[in-house]
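Spelled out from the first residue to the last, the chains are:
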Amino acid sequence: MNDAALDEVEFDESENLIGPYEKLNWDGVNIRSTSIVLRGDDNQQIGMLCINMNIASFEAAKTLLDTFLSGAQLVPQPDKLFHDDWQERINSFIYHWLNENRLSMNSLSHKHKRGLVEALYEEGAFEGKSTQNYVASVLNMGRATVFKYLREIKQNK
């Protein structure tokens with residue numbers, strides 16, 4: 001304990017875990033520390049265990065995530081890039097449909113998927129080339145099933 005000059009510090013009996021707290025390392029790097037008071041059988045302190053963790057890589061990751069997740073820096077989607085992007089329109093429609101129906105992609109039953117295919121059909125999503133394949137992939141279902149649903153929808157119209 002001499003290195004940290006803690007040999008004269010008296011801790012209350014209730015002080016066993018201290019932290020986490022922030023420290024500045026010798027090289028200027030922020031570290032997080034947690035200290036544990038070690039006690040003998042008579043509950044008297046006999047030492048300390050200090051755990052120090054360099055958090056620089058976590059701070060760098062947080063900064064990077066903040067850059068991508070911060071809404072303040074976002075600009076609207078450039079129309080020039082997405083004016084003819086049918087995949088983007090399908091993705092957006094599915095997202096809104098899931099929200100409106102309070103569902104998630106993981107929780108979709110066969111009935112939900114059929115309802116979503118029907119809603120996409122009503123929206124005109126299947127007018128483009130390869131849209132059936134794309135929807136089948138996104139909804140994690142067979143291409144033949146999408147074609148079957150579309151055939152049934154058209155027959156019932």
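Here's what I pulled together on the structure shown here. Predicted model only: the values in this text are computed from it and were never measured.

Before going further, it helps to spend a moment on unusual backbone geometry. Cis geometry is adopted by the peptide bond preceding P20, which originates at G19 and carries an omega value of 10 degrees. By the element assignment, P20 lies in strand β1 (residues 17-24). Positioned with a positive phi, N43 is a non-glycine residue whose angle comes to about 70 degrees. Mapped onto the elements of the fold, N43 is located in the loop between β2 (30-39) and β3 (45-54). Taking the relative accessible area as the measure of exposure, N43 reaches 31% and is therefore partly exposed. Even without being a glycine, R102 presents a positive backbone phi close to 50 degrees. Tracing the chain through its elements places R102 in the loop between α3 (86-100) and α4 (110-123). For R102, a relative accessible area of 80% puts it in the exposed group.

Within a sheet, neighbouring strands are paired by backbone hydrogen bonds and run either parallel or antiparallel to one another. One open sheet holds the three strands; their spatial order is β1-β2-β3, and the pairing between them is antiparallel. At either end of the open sheet lies a strand with only one pairing partner, and these are β1 and β3. Neighbour to neighbour, the strand axes of the sheet diverge by 25 degrees on average, direction disregarded.

Rules used throughout
- The residue count restarts for each chain, going from 1 along the sequence in the order it is written.
- The predicted nature of this model means local features are confined to residues of pLDDT at least 70 and side-chain atom pairs, given and counted, to a pLDDT of 80 or more, with totals for whole chains, interfaces and linings taken over all residues.
- Based on all heavy atoms of the structure, the side-chain values leave hydrogens and waters out of the count.
- The numbering of helices and of strands both runs from the N terminus, where a helix is a DSSP run of H or I of at least 4 residues and a strand a run of E of at least 2.
- The buried label applies to any residue whose accessible area, calculated with a 1.4 Å probe on protein chains only, is under 20% of its type's maximum; exposed applies above 50%, and partly exposed to all values in between.
- Two strands are counted as paired when DSSP detects at least two bridges linking them.
- Angles here are taken between N-to-C directions and fall from 0 to 180 degrees, while the axes themselves are lines fitted to C-alpha atoms, restricted in helices to the stretch in contact.

Note that all results are geometric; they support no functional claim without further evidence.
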